[in-house]
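A structural walkthrough
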There are 2 protein chains.
Amino acid sequence: MPTQFDPPSGTRDFLAGDWEFRESAFARIRSVFARYGFEPLVTPSFEYGDEGDKLIFKILRRGEHEETGEADLALRYDHTVPLARVAAAYGSQLPTPYKRYAIGPVWRADRPGRGRYREFTQCDLDTLGSTSVMADAEVVSAAHDVLAELGLTGFRFLVNSRRVLAGLLEGFGVPADLGSGVLITLDKLDKLAPEEVGAELRERGLSEQTAESLVGALTAGSVEQVRDALKTSEEGAAGIEEVDELLSLLAGQVPADRLVFTPRLVRGLSYYTGPIWEIVADGIPGSLAGGGRYDHLIEQLGGPNVPATGGALGVERILMSLPDPGSAHSRLDVAVTVMGEQYAGRSFSLAAAARAAGLRASVYLGTSGKLGRQLKWASDTGARWALIYGGAEDEAGTVTVRDMTSGDQAAVPVSELTGYLAGLADAAGLPGPA
Amino acid sequence: MPTQFDPPSGTRDFLAGDWEFRESAFARIRSVFARYGFEPLVTPSFEYGDEGDKLIFKILRRGEHEETGEADLALRYDHTVPLARVAAAYGSQLPTPYKRYAIGPVWRADRPGRGRYREFTQCDLDTLGSTSVMADAEVVSAAHDVLAELGLTGFRFLVNSRRVLAGLLEGFGVPADLGSGVLITLDKLDKLAPEEVGAELRERGLSEQTAESLVGALTAGSVEQVRDALKTSEEGAAGIEEVDELLSLLAGQVPADRLVFTPRLVRGLSYYTGPIWEIVADGIPGSLAGGGRYDHLIEQLGGPNVPATGGALGVERILMSLPDPGSAHSRLDVAVTVMGEQYAGRSFSLAAAARAAGLRASVYLGTSGKLGRQLKWASDTGARWALIYGGAEDEAGTVTVRDMTSGDQAAVPVSELTGYLAGLADAAGLPGPA
């Protein structure tokens, strides 16, 4: 049951463990993208414009306009509209082609549900300014490397081309004016039974025979059958060639069993103009990523007239399919006890000496003077070592280093503490000084 | 002059160079905070609530409420309100004390200006649940280490305590009901001439003598004089003790000339209850960071009744004072030419071989088949090396590796390319395979 202290509906608080889990995945993704020569782009959280989709969060105008309920800004809905704006704004300052990635939150006023948020991270990868199918292949290959690097298995790419679809419609004699509706229906072949799709096609005005042969070729039939049918159409032949070129470029990079030419793949969005693809995985409904070539969209969004290809990774879904991050909180390496006010300054310096060894260290900030109580705190922080400095240590000029796992203790001269801890850290495989 | 393609007023697009510059600074900051045992907290971009400050960006309610112009969410204004909510929501699941940092955007509907944005990054560091002055000292010490780690020099901490201020008012016989007004005026001593401050104090109702001796002690007078005056007040004596304890804890961590007891330091916000501090730097107006103890604020904001101390780093201002990031775009390590369609697949694999050596590599995605044109592209990307694979190389089974600086070329067997490039990268000091 939500309380007044929960984050707003459809949003999340990320405590340390969750955040570090996400950040480490994002860092891996960034690193793959960078190796492909894609560079980051980060745009504002809001853009001008209040018209359009009912899922857009609009921001109330400030000042004298507030009373009117007018909105002039909207929270970022995706990374494509800002990309078109940036391409228009920075034009010649951008490299040609412009290969950029964007990883950041977008906001949608959707009904929240399992895995569906109002604030979530979207991860886009796009190349503007190249008509080469190598640009398409780079995006697909990078998406593949990301999933492989994150440790996902059992996933595969469904590959198709909008031109194959156009050729299909032509090859099966679908009247031109029914084309887009037919594609919308064919897109349901992964969810509905073939008969249901056939019935919907007939409702859309296809003859029984056309509907049946189309559905049959895409489900019961073999891909070779579809290839043959496509040869009768110029657009279809060009589409097949495009798909084959893409698959051939990817042959060395993506294992062959992860690449599936899928003539029935439509992808909902009508702006695609060339190759399209989707990543699906066993046991995960829907897709993990998808994309394609969209040569006119940037101009339609107000940007320059540039060819473009790209894809989006469903990072929230991908993160959900990775092993649980484990601990909710960061752990300390070194917990420093404070055995009385007169040693507070010394304890404070001991923590600094541990930090100089590259370790995470904190002094005890509570009010108890009892060692047992402070060691309990040390244990709660997950610390590997506790430092103790009291009267005996003060006299000897040493500090007691306690191994929190074994309980073993060592007396170490204060001046040698940093080196001693660095040695322990090294032996434990912890990172050294930055 | 702004165009329709500029980002919304008061916001910024971060192209690759700027973003990498910022991220690398944030990574250093995170690393310092982590070494002090602070853990990250990331909360949603908006919170419930539409009342309050006129600088808050409000979000229009969606659906049937849209017509009303009602707002139920507001963009995050600071990191303190969410901290109070998180402390209330997760209470016992949080470590005690809860030491967290937050680095992320906040939004303010302020008039944009040089260095003043509507969307900017705020960086907070706070400890909830400790009354110890060691907690205050940790925050100050961590803030110091951040600035030192970022390479800033010429900065110093102004340190004071709210209790010193209370003692000052008492010691100089300021009537209790004039206290808070007098502090607001004294806060102007760093901007106005002493006479102007004196005049304002008289306007507030102080006698000429009190106003003069107060201003005199805080400007012309020595800190020793102020210390003496404070001894006459219980609160003042406690304040001095608190400041001295803080300074003594910091003595080993922060160079002595960077710590300045500054009795006139007020800090605007009235919620402070103990030590307060600010970082100022030569040649930079205003402060780079500031903070203090605020033992009642979390409860006032709807959170639990916990003592708290913390600080905020003015990261936008700090970033502005660092050396310019240089290039606006990421550079490639390896640019792979494509000498004809028949070698496209090979070129694509060569780029993959370079990536396997941990390098940033891309194939040529343009339409020119001319080597000169493609090498111009390679040079534009900043690549250190270009790879060439054409007819001659195909026959020999080698790839030509061209050093883009010297123009030297080497013929390398295709199967040895990854190892060869890894060697070059190593010699050039580039990071190896991840």
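Residues numbered from 1 in each chain as written. Chains lettered and ligands numbered in written order. Predicted model: local features only at pLDDT ≥ 70, side-chain atom pairs only at ≥ 80, totals over all residues. Heavy atoms only, no water.

**Quick look at the relation of the copies chain B and chain A**
Relative to chain A, chain B is turned by 180° and slid 0.0 Å along the rotation axis, the superposed coordinates differing by an RMSD of 0.1 Å. Taken together, these values place the two copies in the relation of a two-fold axis. Mapped onto chain A, 100% of the interface residues of chain B are again interface residues, and the two copies thus contact each other with one and the same surface. (Least-squares fit on C-alpha atoms with pLDDT ≥ 70 in both. Contact = heavy atoms within 4.5 Å.)

**Quick word on the nonpolar core**
By size, the foremost hydrophobic cluster in this structure holds 123 residues, and its most contacted members are I29(B), F33(B), F157(B), L186(B) and L313(B). Of the residues forming this core, the biggest block, 10 residues, is contributed by helix α3 (residues 133-149) of chain B. In contact with I29(B), not counting residues within four places along its chain, are I103(B), C123(B), V146(B), L150(B), L313(B) and V315(B). Ranked by size, the runner-up nonpolar core spans 121 residues in total, among them A87(A), A308(A), V336(B) and A425(B). (Core = buried A, V, L, I, M, F, W, Y, C linked by side-chain atoms within 4.5 Å. Buried < 20%, exposed > 50% of the residue type's maximum accessible area, 1.4 Å probe, protein only. Helix = DSSP H or I, 4+ residues; strand = E, 2+ residues; numbered from the N terminus.)

**A closer look at the packing of helix α4 (residues 162-171) of chain A against helix α9 (residues 234-250) of chain A**
Two quantities define a packed helix pair, namely the angle between the helix axes and the distance between the axes. Residues and elements named next belong to chain A. Running from N to C, α4 and α9 point in directions that differ by 150°, and their axes come no closer than 7 Å. Taken together, the axes of α4 and α9 lie roughly antiparallel to each other. Seen along the crossing, α4 lies across α9 with a hand that is left-handed. From α4, R163, V164, A166, G167 and E170 reach across to α9, where they touch E234, E235, G236, A238, G239, I240, E242 and V243. The class makeup of the residues in the contact of α4 with α9 is five nonpolar, three polar and five charged. (Axes fitted to C-alpha atoms, helices over the stretch in contact; angles between N-to-C directions. Parallel < 35°, antiparallel > 145°, perpendicular 65-115°, else oblique. Left-handed = near helix turned anticlockwise from the far one by under 90°. Nonpolar A, V, L, I, M, F, W, Y, C, P; charged D, E, K, R; others polar.)

**Digging into empty space enclosed by the protein**
Residue and element names in this part refer to chain A. In this structure the tally under the stated criterion is one cavity of 30 Å³ or more. In this structure, the largest cavity encloses a volume near 40 Å³. Surrounding the largest cavity, F33, C123, D124, L125, V139, A143, W277, G311, A312 and L313 form its lining. Elements that contribute at least two residues to the lining of the largest cavity include exactly β6 (119-128), α3 (133-149) and β11 (308-313). In terms of residue class, the lining of the largest cavity is made up of eight nonpolar, one polar and one charged. (1 Å grid on protein atoms, 1.4 Å probe; cavity = no way out; pocket = protein on both sides within 12 Å on 5 of 7 lines; lining within 4 Å. Points joined across faces, edges and corners; volume = space filled by probe spheres on them.)

**Considering the packing of aromatic side chains**
Scanning the model with the defined rule gives 18 aromatic pairs over all chains in all. Consider the rings of Y343(B) and Y389(B), whose centres lie 5.7 Å apart with planes at 75°: the pair is edge-to-face. Here Y343(B) is found in the loop between β12 (334-336) and α12 (344-356), whereas its partner Y389(B) is found in the loop between β14 (385-388) and α14 (391-396), with 46 residues between them in sequence. Judged by relative accessible area, Y343(B) falls into the buried class, the value being 12%. Classification of Y389(B) as buried rests on a relative accessible area of 2%. Grouped by ring-pair contacts, the aromatic residues F155(A), F157(A) and W277(A) constitute a single cluster. Above the face of the Y117(A) ring, R12(A) is positioned so that its terminal group lies 3.4 Å from the ring centre. (Phe/Tyr/Trp six-rings, centres within 6.5 Å; stacked < 30°, edge-to-face > 60°. Lys NZ or Arg CZ within 6 Å of the ring centre and 35° of its normal.)

**Brief notes about the pairing of strand β16 (residues 409-413) of chain B**
Residues and elements named next belong to chain B. Bridge count for strand β15 (residues 398-403) against β16 is five bridges, and the pairing is antiparallel. In the sheet register, T398 faces β16, and the bridge partner there is P413. Here β15 folds back onto β16, and the loop between the two strands holds five residues, one of which, G407, carries a positive phi near 85°. (Pairing = 2+ DSSP bridges.)

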